[in-house]
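# Geometric and topological summary
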Amino acid sequence: MWIQNNARSFTECTECGIPRVIFSKKKLTEDQIACVTEPASMYSCGAPLFEEGHEYYDIVVVRRCSLTVSKPELKAPTESALEARI
Ligand SMILES: [Zn+2]
């Protein structure tokens, strides 16, 4: 699950500003990514990206505080860079 191939987007925690990786088991369409962007902009550590029962609840998730990525990796995350922090 927590691999680069499943990384779809990035966001920052609204509380601590730490970058977060948004993962999805499924490939997302552009419309779906647009649906994810808004809740992701309000994401804070520990909270699910979507409420339980939402159609994306089990599909689109944000890796919590244990995963941090640095700015250069945001542009081009590599599998090794991501795995090193999981
Ligand atoms: Zn945080």
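Residues numbered from 1 in each chain as written. Predicted model: local features only at pLDDT ≥ 70, side-chain atom pairs only at ≥ 80, totals over all residues.

### Quick notes on the pairing of strand E2 (residues 19–24)
Formally: Only strands that DSSP links by at least two bridges are regarded as paired with each other. Segments assigned H or I by DSSP are reported as helices when at least four residues long, segments assigned E as strands when at least two residues long, and all are numbered from the N terminus.
Of the strand pairs in this sheet, strand E1 (residues 7–12) and E2 are connected by five bridges, and their pairing is antiparallel. Counted as the bridge partner of Ala7 is Phe23 from E2. In textbook terms, the turn of a hairpin is the stretch between consecutive antiparallel strands, and for E1 and E2 this stretch comprises six residues, one of which, Gly17, has a positive phi near 75°.

### Regarding the nonpolar core
Let me state the cut-off plainly: To count as a nonpolar core, a set of buried Ala, Val, Leu, Ile, Met, Phe, Trp, Tyr and Cys residues must be joined through C-beta atoms within 7 Å. Counting other C-beta atoms within 10 Å of its own, a residue is labelled buried from 20 upward, exposed at 12 or fewer, and partly exposed in the gap between, with every C-beta atom placed from the backbone. Note on contacts: residues are paired as contacts if their backbone-placed C-beta atoms lie within 7 Å.
The biggest cluster of nonpolar side chains holds nine residues, and these are Val21, Ile22, Phe23, Val36, Ala40, Leu49, Val60, Val61 and Val62. For this core, the elements supplying multiple residues, two or more each, are E2, helix H1 (30–40) and strand E3 (60–62). Setting aside residues no more than four positions away along its own chain, Ile22 makes contact with Arg8, Ser9, Phe10, Thr11, Val36, Ala40, Val60 and Val62.

### A look at the sheet that holds E3
Operational definition: Interaxial angles span 0 to 180 degrees and are taken between N-to-C directions of axes, which are lines fitted to C-alpha atoms, for helices over the stretch in contact.
Pairing within the open sheet is antiparallel, and its three strands lie in the order E1-E2-E3. At either margin of the open sheet sits one strand with a lone partner, and together these are E1 and E3. When the angles between neighbouring strand axes are averaged without regard to direction, this sheet yields 25°. Along the sheet face, H1 touches E1, E2 and E3 and points at about 25° away from the line of E1.

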